[in-house]
Structures are given as structure tokens and as C-alpha cells.
Amino acid sequence: MALASAAVEALTAAVTGPVLFQGDPRIPAEIGAFNTYPAHDPEVLVAAESESDVVAAVRFALENGLPVRVVSTGHGSPTPVVDGVLVSLRRFHGVTLDPDARIATIRGGTRWAEVIEAAAPHGLAPVAGSSATVGSIGYTLGGGLGPLARTFGFSSDWARGFRVVTGEGQVVVANGFENPDLFWALRGGKGGFGVVTEMAFELVPLTALYAGSVMFDAPHIEAAYRRWAEWSRDLPETITTAAALVSFPPLDMVPEPLRGRTLLAVRYAFVGDPAEGERLFEPIRSAAPVHLDGVRVMGPDEIAQIHNDPADPGPSWDRGLMLDSVDDAFVDTLLGALGPGAGAPFVACEVRRVGGATTRDVLGGSAVGGRGAGYTLVLVGVPDPALFESVLPAVADGLTAALAPWVSAVTTPNWAGGFGVPGTFDASWPAETRDRLATLRAAYDPSGLFPFGPAA
Ligand SMILES: Cc1cc2nc3c(=O)[nH]c(=O)nc-3n(C[C@H](O)[C@H](O)[C@H](O)COP(=O)(O)OP(=O)(O)OC[C@H]3O[C@@H](n4cnc5c(N)ncnc54)[C@H](O)[C@@H]3O)c2cc1C
């Protein structure tokens, strides 16, 4: 679509950050996405540096009949944006802290790392995700289940308010008092309401964790996985844990104890007295000979070292599910499909125990889906883009079908898949929540400026 030069000039003059147009080779570097697979080439890229830049971008899109999408760190949807306006929030980050009130005020494109770093000197921590390079707002909009989820619940339970540029180009505040319906929706409703320019987030007092991961080598995976599955069923809320099958490539850059091996990593986070955390972890340490033991007392600023998610950009593919429960037959099915020697095209399959505090909704309610689930499961594909379109989805579909007896009806939207994939969000919320979200999207974005779901 040809854009009027006067409109383009006005946009460029109104925005302090760079404005780039389709075909500009600087677009990928300007976005700086974690997942380099989607070749974003929007009609207009607005690299916002402030809320007023976001307002200018949204009003420009409204006036020119263009859709608006948002990218922050690029950890999310792999669907390329090739039309309309793409608002990049990479430059628009920062945190202001009120330690007495335990509130962090977080700008649109801020990664968890920045919030963790600001909070730690005050003995505080955000209820963050497993990776500190993920965007705190994109993550929280989907609910957010992190390494401390059973103790503190969904991350969105700690959001105390938002500033949003709506589909009408207006800045609105959403919290328990102003626009409470939008506040309900932004805590787990994921997208289609506008661009969040600021989030007020309550921090928890936290000075130390007993946490990390232990690894079991191939001959001991089955015994350790069976023990974990049984042990994980009945745990206090002070423990959050995950079991991840991880295949490390045979590359020199990979440390020798990991290189070329398929290992089971049992991830563990205990909030409380470390001696008690150590005692409660004994059933896992004694399940089978341990290959590497990295569970220790750690500061809350080391939270990303529990899961050690990849932090460097590259092509990536993942798929997530929620599970009601796990049992011995689940372990048989999973290890049969993905265990050592199975040759599955995945580098990791992580099953996280949730439940505990994640089952309790906040006062006034929130849109989060999946509060009833007991576990999550995420598959990470071999990072070869040639497999992304058909091989990985087909193998993941087959595995999902085999796991049907354990798969929950609802799956949290953070792991739902690409915005362009039909049916992506069909299972993200119960029907009643999905309908209420659709009504609120229509209210805050009456012209459908922010495409959301399969139509995107
Ligand atoms: C390595 C890795 C680890 C992860 N760990 C966890 C985890 O522990 N728990 C969990 O729940 N999820 C996890 N996720 C999933 C992650 O929460 C989602 O992918 C999330 O959408 C990422 O948000 P982002 O802003 O970083 O990414 P982006 O791709 O930049 O954004 C994803 C979407 O979020 C929306 N968005 C982002 N910022 C804004 C904003 N300011 N206003 C409006 N919309 C916005 C947009 O719709 C955008 O398309 C992980 C993902 C990866 C790749």
C-alpha cells in the first residue's frame, strides 16, 4: 500500500526513535529479536523510545488503515510481520523502583534481567520467568509461569496496573480502580488490546533460594524420571520443580561434561530455609547416580541459572501444552518417544510441576487460563529452520496425540505457538473467558487495529 508522503513525514517528525520502511536492510538489527527465524518486513517499523512514540505510531496506523503489531524481545510468536505497522519496544526499557511499596514500574520493552537487577539490592525480587532475557510485559500478558510458580503463582497475579495505548490511540490506565475490566483482561488475556507502555508490578521479599539443577546421564534417566514423576505429585508450595530431557550438541563450545550427551536435568527451587530445601530434595539426589549437581544456595538475582535457558539469538521453534497429571504410563510414553536413542528432532522437552499457588485466582479475578493444570510441557525443536514448517509440527502433533490422556483442556497462551497459526489460541482459555476477552478486545480496539489470533 502506498503511504502518503505527508503522513510519513509527520510520523517521522513525531517519533524520536528510528522509523524504517519495508525492504530496509536495517530492520532485523533494529528489532534485535531472540528468535531470528521470522523475517519481519513490515510496511513501517517504528522503533519507539517513549510512550508518545507509541501513540504516534498507533495514530498513524489508525489514520492509514494499517494493522499494528508489537515486538519487544522477539521471544514470542514466530509469525513474520509483513504488513502494517510493527512497533518495536527494544529501545523503550527501564525500571523505577519504590522499595517501601515493593512496586517496580516497568517500561514497555524491559527484560526481566533489568527488573531483577534493580530489585535485588533491596532484598526484593519479581516473580519472573525462567529466562531473564524474556520481556517482562509480553510474558506477564500471557500469565507467566516461572521457576517459583508453585510458591507465588502466575506472574500476572503480581501485576498491579498498566498504561496502555488502545486501538483508538488513547492512553488509558488499567488497575483495580480504573478500567478494571481491562485490568482483568491484561492479566493473562495476552493480546489484542493495545500496546502496554508501562506495568506496575509488586515485588516479593526474597534474599536467597535453595535452587539449581541436577543432571542424570543416559543410563540413569529412566530411574530418575520415574522418581521425579512420583515425587513431584505431592509437594509443598515452597517447591517448584521441572524435569527436562536435554540433548547437547557435540560441539567444542559445549562444556565437556555436557557435550554430545542426552541428560535429564531436574530443576528445583525452594523458598525458605536452605537446610529444609536440601532435605526435601534428597529423594531426587538419591534416585540414581548424579552426573552433575548444581543445586545450591543462590541469590534471587541468579534465578535464570535454575533453568539455564538459551540467551543468544538464533532460529528457534517451540510448542507448549499443559498436563493434568503425570504417572508411570506418562513416563513410558514420553521416554519411548524422546528418550536417549529415540532420535526425536527436539533438543529439549521440559515438564514443569505447577499447581500450588497457581491454582488460586487473584481478588477480583483475572483472565489467566490453565489454573487447573498440574504440569506444563514444552518441546524445543532442533534449531534447523528447514524443519520448522512441517517436520517439527508433525512430530509434535504425533507426540501430543500420544499424550492425550494427560493433556489438559486449556493451555497457557505463552507457549501456544505462532499468531499466524490457525487455532493457536483456541485452547488458551475456557470458553467463558475467551468470550469475555473477545468482547473487551472489541471495546478497547473497535476497529480491530491489533490483530490477534488466527486472523493475524
Ligand atoms: C527461552 C524462553 C524461555 C521462556 N520462559 C518462559 C517461562 O518461564 N514462563 C512463561 O510463562 N513463558 C516463558 N516463555 C514464553 C514467553 O513468555 C512468551 O514467548 C512471551 O510472549 C515473550 O514475550 P516477549 O515480549 O519477550 O517476546 P516478543 O516476541 O517480543 O513478544 C511476544 C508478544 O507479546 C506481546 N507484547 C510484548 N510486549 C508487549 C507490550 N509492551 N504491549 C503489548 N503487547 C506486548 C506482543 O503481542 C508480542 O507479539 C519463554 C520463551 C522463551 C523463548
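It should be emphasised that the depicted structure is a prediction, and the values quoted were computed from it without experimental measurement.

### Thoughts on the site of the ligand
Phase 1: As a structural note, the neighbourhood of the ligand is formed by 28 residues, with S72, G76, G129, G135 and G138 the closest of them.
Phase 2: Within the residue set of the shell around the ligand, elements represented by two or more residues are strand 3 (68-71), helix 5 (136-141) and strand 10 (194-202).
Phase 3: For the shell around the ligand, the class distribution of residues is 10 nonpolar, 17 polar and one charged.
Phase 4: In this structure, the shell around the ligand is formed jointly by two domains, domain 1 (5-88) and domain 2 (95-205 + 428-445), each of which donates at least three residues.

### Some points on helix 3 (residues 51-64)
Residues separated by three or four positions in an α-helix point in the same direction, a consequence of the helix having 3.6 residues per turn.
Phase 1: For helix 3, built from 14 residues, the straight-helix expectation of 20 Å at 1.5 Å per residue is met to within 8% by its first-to-last C-alpha distance of 20 Å.
Phase 2: What helix 3 keeps buried is the set D53, V54, A56, A57, V58, F60 and A61.
Phase 3: Those residues of helix 3 that are buried lie in contact with helix 1 (5-14), strand 2 (44-47), strand 3, strand 4 (85-88), strand 8 (159-166) and strand 10.

### Some details on unusual backbone geometry
Phase 1: Even without glycine at this site, R102 takes up a positive phi of about 60 degrees.
Phase 2: Mapped onto the secondary structure, R102 falls in the loop between strand 5 (95-98) and strand 6 (103-107).
Phase 3: You will see that N308, though not glycine, has its phi angle at about 50 degrees, which is positive.
Phase 4: Its location among the elements puts N308 in the loop between helix 10 (304-307) and strand 17 (318-323).

### Observations concerning the nonpolar core
Phase 1: Grouped together as the largest cluster of nonpolar side chains are 130 residues, with contacts concentrated most on V46, A57, V87 and L264.
Phase 2: The greatest single-element share of this core, amounting to seven residues, is contributed by strand 14 (residues 262-270).
Phase 3: Discounting residues that sit within four places of it in the chain, V87 has contacts with V46, A48, V54, A57, V68, V70 and V195.

### A look at the packing of helix 8 (residues 221-232) against helix 11 (residues 328-338)
Phase 1: Viewed as axis vectors pointing N to C, helix 8 and helix 11 meet at an angle of 140 degrees, and their least axial separation amounts to 9 Å. One finds that helix 8 runs oblique with respect to helix 11. Taken as a pair, helix 8 and helix 11 cross one another with a handedness that is right-handed. Two secondary-structure elements touch here, helix 8 through E222, Y225, R226 and A229 and helix 11 through D328, F330, V331 and L335.
Phase 2: The residue makeup of the contact of helix 8 with helix 11, split by class, is five nonpolar, no polar and three charged.

### Describing the sheet that holds strand 6
Phase 1: Pairing within the open sheet is antiparallel, and its five strands lie in the order 5-6-10-8-9. Each edge of the sheet is formed by a strand with only one pairing partner; in this case those strands are strand 5 and strand 9 (171-175). Strand-to-strand twist in this sheet, taken as the mean axis angle between neighbours without regard to direction, amounts to 15 degrees.
Phase 2: Judged from the five bridges that link them, strand 6 and strand 10 form a sheet pairing that is antiparallel. Residue pairing across strands places T105 opposite A200, the latter belonging to strand 10.

### Looking at the environment of D41
Phase 1: Within the element layout of this structure, D41 appears in the loop between helix 2 (27-31) and strand 2.
Phase 2: In sequence terms D41 and D83 are 42 residues apart; their C-alpha atoms lie 7.3 Å from each other.
Phase 3: Filtering out sequence-adjacent residues up to four positions away, D41 remains in contact with Q22, G23, I27 and V82.

### Comments concerning the domain arrangement of the protein
Phase 1: What the domain assignment reports for the protein is domain 1 (5-88), domain 2 (95-205 + 428-445) and domain 3 (209-415).
Phase 2: In this complex, domain 1 contributes six residues to the contact, which on the side of domain 3 involves seven residues.
Phase 3: Considered class by class, the residues forming the side of domain 1 that touches domain 3 number four nonpolar, two polar and no charged.

About the criteria used
- Residues numbered from 1 in each chain as written.
- Predicted model: local features only at pLDDT ≥ 70, side-chain atom pairs only at ≥ 80, totals over all residues.
- Near = placed C-beta within 6 Å.
- Helix = DSSP H or I, 4+ residues; strand = E, 2+ residues; numbered from the N terminus.
- Nonpolar A, V, L, I, M, F, W, Y, C, P; charged D, E, K, R; others polar.
- Domains from an automatic or database assignment.
- Expected span 1.5 Å × (residues − 1).
- Buried ≥ 20, exposed ≤ 12 C-beta atoms within 10 Å, placed from the backbone.
- Contact = placed C-beta atoms within 7 Å.
- Core = buried A, V, L, I, M, F, W, Y, C linked by C-beta atoms within 7 Å.
- Axes fitted to C-alpha atoms, helices over the stretch in contact; angles between N-to-C directions.
- Parallel < 35°, antiparallel > 145°, perpendicular 65-115°, else oblique.
- Left-handed = near helix turned anticlockwise from the far one by under 90°.
- Pairing = 2+ DSSP bridges.

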